[in-house]
Amino acid sequence: MQDVFNFNAGPSALPKSVLEKAQAELTNFNGTGMSVMELSHRSKDFEAVHEEAIALLKELLAIPDSYKVLFLQGGASLQFAMVPLQFLKPGKIGNYLLTGSWSEKALKEGKLLGETAVGASTKETQYRSIPALDAITYNENDAYVHLTSNNTIFGTQWKEFPTVTHAPLIADMSSDILSRKIEIEKFGMIYAGAQKNLGPAGVTIVIIREDLLEEEVDHVPTLLRYRTHSETNSLYHTPPTFSIYMLNQVLQWVKDQGGIDAIERKNEEKAKLIYDAIDESDGFYRGHAEKESRSLMNITFNLPSEEENKRFLAKAKELGFVGLNGHRSVGGCRASTYNAVPLEACVALSDYMKNYRR
Ligand SMILES: *Cc1c(COP(=O)(O)O)cnc(C)c1O
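All figures in this text were calculated on a predicted structure; none of them were measured in a lab.

A. Structural view of the sheet that holds strand β12 (residues 298-302). Strands sit in the order β11-β12-β14 across an open sheet of three strands; the sheet is antiparallel. Because the sheet does not close on itself, it has two edges, and the strands there are β11 (286-287) and β14 (333-336). The pairing of β12 with β14 spans four bridges and is antiparallel. Looking at β14, one finds that Asn-298 is bridged to Ser-336.

So, in structure tokens, the structure goes:
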């Protein structure tokens, strides 16, 4: 079994050292004689894992004490519905900034539950860019303003976030959380499925400002209220214990790498290798995203023809590159360079791109 270069878009690469540690303690966690999966979610041993994961996330992202960290299930996709269920009351508007497929899906759920507006969209230009901050339309009665910080499918990323004061800014950060420094205070709420940058699928992180937990939610099913989870420290029902354990290991790994600043620098270096291969190719590789909107996490590009895309991808597969096919809705190629993708994988891809062109 040879090592592969894993550029999967999600679920995606996990740090090898984390997988090895999980393997080593799989049948005997912390001297319990049991797997962490076999422990009660209310046991002391699991509680320590749960608390450590919350503390590490708070430390790494510099989350102020006025925010709660929740571990939910249902993926980012359930958040598309939980947000309007909670906050989109009659007479209010869910304001969505559209930058790709995931923001469209968030809007779709909002529309099912109340009145919505599109405050900005780059759909007409195939989602190649992020809207200019001064081109966003707000409404006096916005319940919230929703954006997708990184567009996993189109390969664009907000570099700077709007300052929104009349309503909470809510962000889906599934594909770039913990990849760069962010100013948490700009947001009322942040959510992310874990399976891109944080761990395996199964746990969804919610970072929510405490005042938003005061919202009247009598009409919302118990499990779908943020308050239910905040009042019980995410132990209202059985949380995805193994995913939380893995999340904790990944967070510890990020800390060992030097924290968010070090990770961000490394991500910049990794993405640059591949963008340079695109930019120095005399147009052989064409990036989908406009330069100033380029994602550091998902790099999307095309070769001169569909034929060439196929040949490039087939040859890449032979060489051990995994997950370079573009999303079915966009086509072409996509390299996802999440936190756990090592620099060597990006060097190898950049070299392959140069060699292939030659
Ligand atoms: C992957 C992804 C999702 C979907 O997440 P699930 O956990 O599968 O529901 C939503 N938003 C973004 C930005 C994503 O990258």
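B. Here's a closer look at the packing of helix α1 (residues 16-24) against helix α6 (residues 241-256). Where α1 meets α6, the axes come as close as 10 Å, and the angle between the chain directions of the two elements is 135°. Put simply, α1 runs oblique to α6. Note that α1 runs across α6; the crossing there is right-handed. When α1 is examined against α6, the residues Ser-17, Val-18, Leu-19, Lys-21 and Ala-22 are found in contact with a partner set consisting of Tyr-245, Met-246, Gln-249, Val-250 and Trp-253. Classifying every residue of the contact of α1 with α6 by side-chain character gives seven nonpolar, two polar and one charged.

C. Quick peek at the nonpolar core. Grouped together as the largest cluster of nonpolar side chains are 51 residues, with contacts concentrated most on Leu-61, Phe-71, Leu-178, Ile-207 and Leu-251. In this structure, Leu-296, Phe-301, Leu-303 and Phe-312 belong to the second largest nonpolar core, which totals 29 residues.

D. Layout of the site of the ligand. For the ligand, the set of nearby residues contains 13 residues, the closest of which are Ser-77, Thr-152, Asp-172, Gln-195 and Lys-196. Between the ligand and Ser-77, the relevant distance is 2.6 Å, taken from an oxygen atom to a side-chain nitrogen or oxygen of the residue. Here an oxygen atom of the ligand sits 2.9 Å away from a polar atom, N or O, in the side chain of Gln-195. Alone, the ligand offers 390 Å² of accessible surface; in the complex the protein occludes 87% of this. A total of four residues in the shell around the ligand trace back to one element, the largest contributor, which is helix α3 (residues 75-87). Per-class residue counts for the shell around the ligand are three nonpolar, eight polar and two charged.

E. Seen up close, the UniProt feature "binding site: pyridoxal 5'-phosphate" (unreviewed entry) in the protein. In the numbering used here, UniProt assigns the feature "binding site: pyridoxal 5'-phosphate" (unreviewed entry) to Ala-76, Ser-77, Trp-102, Thr-152, Asp-172 and Gln-195. Residue position: Ser-77 is located in helix α3. The exposure class of Ser-77 is partly exposed, given its relative accessible area of 43%. Position of Gln-195 among the secondary structure elements: in the loop between β9 (189-193) and β10 (204-209). Those residues in contact with Gln-195, other than ones at most four positions away along the chain, are Gly-10, Pro-11, Ser-12, Pro-200 and Ala-201.

F. Spotlight on the side chain of Ser-35. One can find Ser-35 in the loop between α1 and α2 (44-61). Engagement of the side chain of Ser-35 in a polar contact is seen with the backbone oxygen of Leu-26, the distance being 3.2 Å. Discounting chain neighbours no more than four positions away, the residues touching Ser-35 are Leu-26, Thr-27 and Phe-29.

G. The arrangement of the UniProt feature "binding site: L-glutamate" (unreviewed entry) in the protein in detail. The residues that UniProt annotates with the feature "binding site: L-glutamate" (unreviewed entry) are Arg-42. Here Arg-42 shows up in the loop between α1 and α2. For Arg-42, the contacting residues outside a window of four places in its chain are Leu-235 and Tyr-236.

H. Focus on the environment of Ser-121. In this structure, Ser-121 sits in strand β4 (residues 115-121). Counting along the chain gives 17 residues from Ser-121 to Glu-104, while the straight-line C-alpha distance between them is 9.9 Å. A distance of 3.1 Å separates the side chain of Ser-121 from the backbone nitrogen of Lys-123, its partner in a polar contact.

I. Just the pairing of strand β5 (residues 142-148), in detail. The element β5 is extensively covered by neighbouring structure, given that seven of its seven residues are classed as buried. Inspection of the sheet shows strand β3 (residues 93-98) paired to β5 by four bridges, in the parallel sense. By the bridge assignment, Ile-93 is partnered in β5 with Asp-142. Bridge count between β5 and strand β8 (residues 169-172): four bridges; the pairing is parallel.

J. Structural view of the packing of aromatic side chains. The full count for this structure, using the stated rule, is 19 aromatic pairs. Consider the rings of Tyr-352 and Tyr-356, whose centres lie 5.9 Å apart with planes at 65°: the pair is edge-to-face. Here the residue Tyr-352 and the residue Tyr-356 both occupy positions in helix α9 (residues 343-357), the gap between them amounting to four residues, near one helical turn. Take Tyr-352: its relative accessible area is 7%, and that puts it in the buried class. Taken together through their ring pairs, the aromatic side chains of Phe-5, Phe-7, Phe-284, Tyr-285, Phe-301, Phe-312, Phe-321, Tyr-352 and Tyr-356 make up a single cluster.

Reading the values: the criteria
Residues numbered from 1 in each chain as written. Predicted model: local features only at pLDDT ≥ 70, side-chain atom pairs only at ≥ 80, totals over all residues. Heavy atoms only, no water. Pairing = 2+ DSSP bridges. Helix = DSSP H or I, 4+ residues; strand = E, 2+ residues; numbered from the N terminus. Axes fitted to C-alpha atoms, helices over the stretch in contact; angles between N-to-C directions. Parallel < 35°, antiparallel > 145°, perpendicular 65-115°, else oblique. Left-handed = near helix turned anticlockwise from the far one by under 90°. Contact = heavy atoms within 4.5 Å. Nonpolar A, V, L, I, M, F, W, Y, C, P; charged D, E, K, R; others polar. Core = buried A, V, L, I, M, F, W, Y, C linked by side-chain atoms within 4.5 Å. Buried < 20%, exposed > 50% of the residue type's maximum accessible area, 1.4 Å probe, protein only. Near = heavy atom within 4 Å. Polar contact = N/O pair within 3.5 Å; in protein donor to acceptor, adjacent residues only side chain to side chain. Areas by Shrake-Rupley, 256 points an atom, 1.4 Å probe, with all protein chains shown as cover. UniProt positions renumbered as here; feature names shortened; annotations may be inferred. Phe/Tyr/Trp six-rings, centres within 6.5 Å; stacked < 30°, edge-to-face > 60°.

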